[in-house]
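The primary structure of each chain is shown beneath.
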Amino acid sequence: MSKSVRKGKVFFIGAGPGAPDLITLRGKKVIDTADRIIYAGSLVNRELFASNTSDLHDSSGLHLDEIINLISESVEKGDIVARVHTGDPSLYGAIREQMLRLQSLQIDYEVVPGVTSAFGAAAALGVELTLPELTQTVIITRKAGRTPVPEQERLDLLASHGATMMVFLSVGMISGVVEDLVKGGYSTTTPVSVVQRATWPDQKIISGSLETIAEKVRREGVTKTAIICVGSVFGDSGLKAESKLYDKTFSHGTRKAGSNHQR
């Protein structure tokens with residue numbers, strides 16, 4: 001009988017926004033059993049790797065070729081590689097270029113989703129991002145900087161919708177963000193919260209309006225690792241919105257208006 005050959009594989013794992021218990025069960029299981037872990041820098045909580053003594057690499061100082069070489073070395077030996085990204089890897093995770101390289105090398109991979117920091121920020125603020133008659137749309141975007149954005153996705157154009165906006169990777173340009181959003185149609189009184197390092201022990205929340213937020217952020221010295229949360233759901237008007245789902249005068253597939261299902 002021939003000896004079975006162990007097949008190597010890569011798992012792209014979303015580590016969540018920071019708190020180590022916000023990773024998925026599937027992601028943690030892979031991390032605990034992986035032969036090599038390659039993680040995306042300081043925004044991945046090192047506590048996730050406490051129970052694994054395998055080969056550990058911080059990819060923040062590596063370029064793409066070096067990362068792929070590390071992966072290839074392990075997979076050729078039949079090892080399991082955990083490629084750990086912050087939040088959810090599908091948002092600003094730069095995983096597509098890695099997956100294309102792996103495809104060209106015929107290396108098997110799988111993506112394990114995670115909790116994006118946008119939802120970590122919403123949880124920290126205790127808000128619902130979509131509210132009846134206020135907004136039913138969430139725009140996740142960034143301001144153009146060293147990395148450009150498509151012309152039709154400029155902040156001022158997106159702002160014209162008046163939807164909830166979660167602006168990534170832009171707090172260092174907060175004055176420009178405010179200028180674009182006001183130009184696009186948000187009033188200067190629109191509520192804004194900036195959440196730095198959402199769900200980490202040193203999480204910081206700065207709240208205000210488009211008129212005041214830039215100065216508050218500068219005063220607090222926040223220049224990175226923060227999400228700018230913009231829209232009416234972050235203010236007092238969000239407290240008044242109620243859905244029809246639990247409205248006693250509203251009928252739907254599992255309840256008739258006015259019925260009493262208490263036991």
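Before reading on, note that the structure itself is shown above.
So, here is what we can say about the structure in this document. Everything numeric in this text was worked out from a predicted model, so none of it was measured. (Residues numbered from 1 in each chain as written. Predicted model: local features only at pLDDT ≥ 70, side-chain atom pairs only at ≥ 80, totals over all residues. Heavy atoms only, no water.)

As a further point, take the overall build of the protein. Within the protein, the secondary structure is distributed over seven helices and 10 strands. The buried share among the 263 residues of the protein stands at 43%. Relative to all contacts within the protein whose residues are 6 or more apart in sequence, the contacts with residues 24 or more apart total 67%. For the protein, the accessible surface area stands at approximately 14,800 Å², while carbon and sulfur atoms represent 51% of it. (Helix = DSSP H or I, 4+ residues; strand = E, 2+ residues; numbered from the N terminus. Buried < 20%, exposed > 50% of the residue type's maximum accessible area, 1.4 Å probe, protein only. Contact = heavy atoms within 4.5 Å. Areas by Shrake-Rupley, 256 points an atom, 1.4 Å probe, with all protein chains shown as cover.)

A separate point is the environment of leucine 62. Here leucine 62 shows up in the loop between strand 3 (55–58) and helix 2 (64–76). Through-space distance from the C-alpha of leucine 62 to that of alanine 40 is 9.7 Å; in sequence the pair is 22 residues apart. If sequence neighbours within four positions are ignored, leucine 62 has contacts with Ile67 and Leu70.

All right, on to the packing of aromatic side chains then. Going through the model one piece at a time under the given rule, you end up with three aromatic pairs. Ring centres of phenylalanine 12 and tyrosine 109 lie 6.0 Å apart, and the angle between their planes is 80°; on these two criteria the pair is classed as edge-to-face. Residue phenylalanine 12 is found in strand 1 (residues 9–14), and its partner tyrosine 109 is found in strand 5 (residues 109–112); the two are separated by 97 residues along the sequence. Judged by relative accessible area, tyrosine 109 falls into the partly exposed class, the value being 23%. Arranged with centres 5.3 Å apart and planes meeting at 40°, the rings of tyrosine 92 and phenylalanine 168 form a pair that is tilted. Within this pair, whereas tyrosine 92 is found in the loop between strand 4 (80–85) and helix 3 (96–104), its partner phenylalanine 168 is found in strand 7 (residues 164–168), the two being separated by 76 residues in sequence. Sitting above the plane of the tryptophan 200 ring, arginine 197 keeps its charged end 4.1 Å from the centroid. (Phe/Tyr/Trp six-rings, centres within 6.5 Å; stacked < 30°, edge-to-face > 60°. Lys NZ or Arg CZ within 6 Å of the ring centre and 35° of its normal.)

This model, assessed by the stated rule, comprises 15 salt bridges. Ionic pairing is found between glutamate 110 and arginine 26, a salt bridge with its closest N-O pair at 3.9 Å. Of this pair, glutamate 110 sits in strand 5 while arginine 26 sits in helix 1 (residues 25–33), and the two are 84 residues apart along the sequence. Given the relative accessible area of 25%, glutamate 110 is considered partly exposed. Close ionic contact of lysine 183 with aspartate 156 constitutes a salt bridge, the shortest N to O distance being 4.0 Å. In this pair, lysine 183 sits in helix 6 (residues 174–184) while aspartate 156 sits in helix 5 (residues 155–159), placing the two residues 27 residues apart along the sequence. On the accessibility criterion, lysine 183 (62% relative accessible area) is exposed. One salt-bridge network, held together by shared partners, links Glu151, Arg154, Asp156 and Lys183. (Salt bridge = Lys/Arg side-chain N within 4 Å of Asp/Glu carboxyl O.)

Below, the discussion takes up the side chain of serine 59. Position of serine 59 among the secondary structure elements: in the loop between strand 3 and helix 2. On the basis of relative accessible area, serine 59 is assigned to the buried category, the value being 7%. When neighbours within four sequence positions are excluded, serine 59 is seen to be in contact with Ile38, Tyr39, Ala40, Ile67 and Arg83.

A few words on the nonpolar core. With 24 residues, the main nonpolar core has Met165, Leu181, Val194, Ile213, Val217 and Ile228 as its most contacted residues. Where this core is concerned, the elements lending two or more residues are helix 5, strand 7, helix 6, strand 8 (191–196), helix 7 (213–220) and strand 10 (226–230). Ranked by residues supplied to this core, first place goes to helix 6 with four residues. For valine 217, the residues in contact, after removing those within four places along its chain, are Val171, Ile174, Val194, Ile206 and Val222. Ile37, Tyr39, Leu48 and Phe49 belong to the second-largest nonpolar core, a separate cluster that totals 16 residues. (Core = buried A, V, L, I, M, F, W, Y, C linked by side-chain atoms within 4.5 Å.)

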